[in-house]
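Commentary on secondary and tertiary structure
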Amino acid sequence: MFTIRTYNHISPLGLQSLPEHTFSISEQYETPDALLLRSHTLTESDCTANLLAIARAGAGTNNVPIEHCSKQGIVVFNTPGANANAVKELVITALLLGCRGIAEGMHYVQQLDREENDADFAQQVEANKKAFKGVELKGKTLGVVGLGAIGASVASSGLDLGMNVIGFDPAISVDAAWRLPSSVTRMESLESLLQHADFITLHVPALPQTIGLLNAATLAKVKPGAVVVNFARGEIVDNHALLDAIEQGVISKYIHDFPAPELQQRDKVISMPHLGASTIEAEQNCAVMAAEQLREFLALGNITNSVNFPSTALPPSTGHRITLCNHNVPGVLSNVLSILADHQINVSDMINKSRDNIAYNILDTECIVEQDVLDAIVELDAVMKVRYLDASYE
Ligand SMILES: NC(=O)c1ccc[n+]([C@@H]2O[C@H](COP(=O)([O-])OP(=O)(O)OC[C@H]3O[C@@H](n4cnc5c(N)ncnc54)[C@H](O)[C@@H]3O)[C@@H](O)[C@H]2O)c1
């Protein structure tokens, strides 16, 4: 039985992925095998001695002490892409808000005088609606900065809306490149994207290299009249430079998810209260993905979507399995294999992967591995954690 401590409310749909006969879940466990959480901030002291894994139902992991976990051999998972559809749908909303005076027109109707008679009221509505006239998205150029899970999905929707889609991502992953429709034009630089896009949408993480990505210098390259949409992170845009660009008519509207005092009460700024991933489905998707990854790791040792361990998976072959993680130095695996050989334990299948300073191994053996053998392995220099699993788990 594996014990899992939860923090925050985890969608019941996610918890259903952890069957009761193998996983016991509680908010009370003091020394659990794993933690499952959303936004709760963990400290190093929450990572108790026997902790094996932490699953964060969400993309960011800045609420988890990753470096400490890596040193302790604790696997940290996140759920990349689980909220991509929620963000994409809001970005489409933002594009529509950007091309027509929808928000402004709704606000105008709200503040019309109720005391007017019907005819006067209808006349007021008609007389002023021209102020909210816009353009259509069809035929315009959408520039997507960052072509990961969300960016690729936004790019596809842009094509569906009849837009020309251009994208920039200097570090696109192979998986993301496969997901990207072939009709998205890849730009060689941010500047060339900014020069051509009528709508610019940002989908990059907040990293030292992306903070202030849209600043006075880059905004100077923007096609005049462009709309900027930001559902990535507030820090990616220099708000003061952006307000200057609006003032100069270079940017016609800024629609974003990250309110800041300087952006309040601005005509051409539409702010949302960080609604990007706020859907029931996104929360469920994150919980299901986090729970499934935890189940696969605790029961079978397989690792998918870890932020500090290499992706490692081996279909169970014999029903007997050892997993071990060690510092990524030469000779560890051969020492482990010789301990197994000394105990007449044959290995029928294995996988060994590394990432930065961590190596992770799954070995299927032809018989049960007793505790004294595991003790001998964990005594080896550089070995952090070793587990024996009954890998006949269903
Ligand atoms: N508004 C919200 O509530 C909300 C919700 C979810 C995610 N987000 C934000 O959206 C971001 C993107 O999410 P995702 O799931 O698509 O992430 P992802 O990791 O799948 O994709 C990010 C992409 O950005 C690219 N990139 C990195 N630096 C770049 C640069 N300088 N220029 C161009 N591309 C660059 C990467 O190569 C990667 O392909 C997240 O990092 C997060 O900050 C916001």
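Placed above this text is the structure.
Residues numbered from 1 in each chain as written. Predicted model: local features only at pLDDT ≥ 70, side-chain atom pairs only at ≥ 80, totals over all residues. Heavy atoms only, no water.

Overview of the site of the ligand
Looking at the ligand, there are 25 residues lining it, with Ala 149, Ile 150, Asp 169, Asp 257 and His 274 nearest. Phe 231 is positioned with one of its backbone polar atoms (N or O) 3.2 Å from a nitrogen atom of the ligand. A distance of 3.3 Å is found between an oxygen atom of the ligand and a backbone nitrogen or oxygen belonging to Ala 232. Protein burial of the ligand: of its 860 Å² of free accessible surface, 82% is covered by the chains. Grouping the constituent residues of the shell around the ligand by class yields 15 nonpolar, seven polar and three charged. (Near = heavy atom within 4 Å. Polar contact = N/O pair within 3.5 Å; in protein donor to acceptor, adjacent residues only side chain to side chain. Areas by Shrake-Rupley, 256 points an atom, 1.4 Å probe, with all protein chains shown as cover. Nonpolar A, V, L, I, M, F, W, Y, C, P; charged D, E, K, R; others polar.)

Side note on the packing of helix H12 (residues 332–342) against helix H13 (residues 371–378)
Here H12 crosses H13 at 155 degrees, and the two axes come no closer than 10 Å. The orientation of H12 relative to H13 falls into the category roughly antiparallel. Here H12 runs over H13; the crossing is right-handed. Here Val 336, Ile 339 and Leu 340 of H12 come into contact with H13, specifically with Val 373, Ala 376 and Ile 377. Considering only residue class, the contact of H12 with H13 consists of six nonpolar, no polar and no charged. (Axes fitted to C-alpha atoms, helices over the stretch in contact; angles between N-to-C directions. Helix = DSSP H or I, 4+ residues; strand = E, 2+ residues; numbered from the N terminus. Parallel < 35°, antiparallel > 145°, perpendicular 65-115°, else oblique. Left-handed = near helix turned anticlockwise from the far one by under 90°. Contact = heavy atoms within 4.5 Å.)

Quick notes on the sheet that holds strand S7 (residues 164–168)
If you trace the seven strands from one edge of the open sheet to the other, you get S8-S7-S6-S9-S10-S11-S12, paired in parallel fashion. Two strands close off the open sheet at either side, each with one partner strand: strand S8 (185–186) and strand S12 (269–271). Inspection of the sheet shows strand S6 (residues 141–145) paired to S7 by five bridges, in the parallel sense. Across the sheet, Leu 142 pairs through a bridge with Val 165, a residue of S7. Relative to strand S11 (residues 251–256), helix H3 (residues 84–99) is tilted by about 150 degrees, and along the sheet it contacts S6, strand S9 (199–202), strand S10 (226–230), S11 and S12. The strands touched by helix H6 (residues 149–160) within the sheet are S6, S7 and S9, with S6 carrying the most contacts at an inclination of about 175 degrees. (Pairing = 2+ DSSP bridges.)

Points about the packing of aromatic side chains
Aromatic ring pairs are reported here in terms of the distance separating the ring centres and the angle at which the planes meet. Taken as a whole and assessed by the stated rule, the structure comprises five aromatic pairs. Ring geometry for Tyr 108 versus Phe 132: centroids 5.5 Å apart, planes at 45 degrees, classification tilted. Of the two residues, Tyr 108 sits in helix H4 (residues 102–110) while Phe 132 sits in the loop between helix H5 (118–128) and S6, which places them 24 residues apart along the sequence. Tyr 108 gets classed as buried once you look at its relative accessible area, which sits at 14%. Judged by relative accessible area, which is 22%, Phe 132 ranks as partly exposed. Members of the aromatic cluster, connected to one another through ring pairs, are Phe 77, Phe 297, Phe 309 and Tyr 360. Across the ring face of Phe 297, the terminal group of Arg 387 is positioned such that the distance to the ring centre comes to 4.7 Å. (Phe/Tyr/Trp six-rings, centres within 6.5 Å; stacked < 30°, edge-to-face > 60°. Buried < 20%, exposed > 50% of the residue type's maximum accessible area, 1.4 Å probe, protein only. Lys NZ or Arg CZ within 6 Å of the ring centre and 35° of its normal.)

Let's talk about the side chain of Asp 169
In this structure, Asp 169 sits in the loop between S7 and helix H7 (174–179). There is no salt bridge for the buried Asp 169, and the closest opposite charge comes from Arg 186, which lies 7.2 Å off by N-O distance. In terms of polar contacts, Asp 169 uses its side chain to reach the backbone amide nitrogen of Ile 172, at 3.1 Å. Apart from residues lying up to four places away in sequence, Asp 169 is in contact with Gly 146, Leu 147, Gly 148 and Arg 186. (Lys, Arg positive; Asp, Glu negative; His and termini not counted. Salt bridge = Lys/Arg side-chain N within 4 Å of Asp/Glu carboxyl O.)

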